[in-house]
Amino acid sequence: MSLTNCGCKGSCTLYAIIASALIGIIAGVLRFTAIITVTPAFLWVLFGIAVVYLLGQVFVSAFAGGSVCREFCALLRVLLLSILGTILLSVVLLGVTFVATSVLGAILVGLLLFAFSMTLGITACLITCLATCEN
């Protein structure tokens with residue numbers, strides 16, 4: 001899939017998905033065993049970062065036009081999905097209180113951290129792609 005790897009040997013998007021999945025699984029297990037807790041302040045910070053990312057993506061998409069690589073659009077779709085996942089899951093976790101050893105709470109926290117780490121990973125892929133763009 002040349003649209004997601006910017007012509008490199010390895011797919012940056014695939015690496016970001018694998019790393020994010022590992023982070024999400026580890027976070028879910030740690031949350032289930034009550035080693036980590038998720039405070040409302042942490043959820044508000046993730047929500048705020050995701051909203052800023054969303055506004056930045058809208059701004060970049062609106063003013064980029066046709067002056068960017070084809071890979072840019074494919075990466076923006078994945079970035080938008082991860083941003084919206086972060087926003088949705090942080091709002092759900094803010095609205096509902098879970099017991100420390102709740103399986104559902106651990107799954108939602110794992111998904112939240114998967115989506116957020118995916119946002120950061122795809123942003124790194126996007127920057128790498130734009131830096132090596134040969135329009």
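The sections below set out a description of the structure shown in this document.

Scoring rules and cut-offs
Residues numbered from 1 in each chain as written. Predicted model: local features only at pLDDT ≥ 70, side-chain atom pairs only at ≥ 80, totals over all residues. Heavy atoms only, no water. Phe/Tyr/Trp six-rings, centres within 6.5 Å; stacked < 30°, edge-to-face > 60°. Helix = DSSP H or I, 4+ residues; strand = E, 2+ residues; numbered from the N terminus. Buried < 20%, exposed > 50% of the residue type's maximum accessible area, 1.4 Å probe, protein only. Expected span 1.5 Å × (residues − 1). Polar contact = N/O pair within 3.5 Å; in protein donor to acceptor, adjacent residues only side chain to side chain. Disulfide = S-S within 2.5 Å. Arc of directions from axis to C-beta.

By the definition in use, this model includes one aromatic pair. Centroid distance tryptophan 44 to phenylalanine 47: 5.8 Å. Interplanar angle 90 degrees. Geometry classified as edge-to-face. Of the two residues, tryptophan 44 and phenylalanine 47 are both situated in helix α3 (residues 40-64); the distance of three residues between them amounts to about one turn of the helix.

Looking now at unusual backbone geometry. Residue alanine 34 is not a glycine yet carries a positive backbone phi of 65 degrees. Its location among the elements puts alanine 34 in the loop between α2 (12-32) and α3. Residue class for alanine 34 comes out partly exposed when judged on its relative accessible area of 39%.

On to helix α5 (residues 103-131), then. Compared with an ideal rise of 1.5 Å per residue, which puts 29 residues at 42 Å, α5 spans 42 Å between its outermost C-alpha atoms and is within 8% of the ideal. Taking the backbone nitrogen of leucine 104 as reference, a side-chain oxygen 3.4 Å away marks serine 102 as the first, capping residue of α5.

This paragraph deals with the state of the cysteines. Applying the stated rule across the entire model yields one disulfide. Between the sulfur of cysteine 12 and that of cysteine 125 lies a disulfide, 1.9 Å long from S to S. On the sign convention where negative means left-handed, the S-S torsion of about -95 degrees between cysteine 12 and cysteine 125 marks this disulfide as left-handed. With cysteine 12 in helix α2 and cysteine 125 in helix α5, this pair connects stretches of sequence that are 113 residues apart. By relative accessible area, which is 2% here, cysteine 125 ends up buried.

Note: α-helices contain 3.6 residues per turn, so residues at a spacing of three or four share the same orientation. Relative to the 30 Å expected for 21 residues at 1.5 Å per residue, α2 spans 30 Å between its end C-alpha atoms, a close match to the ideal helical length. Turning to α2, its buried residues number three or more, namely Thr13, Ala16, Ser20, Gly24, Ala27, Gly28 and Arg31. Seen along its axis, α2 keeps its buried residues to an arc of 100 degrees; they face one direction. Seen from the open side of α2, the exposed residues pointing more than 90 degrees away from its buried face are Tyr15, Leu22 and Ile25. Alanine 34, located one to two residues past α2, shows a positive phi value of around 65 degrees.

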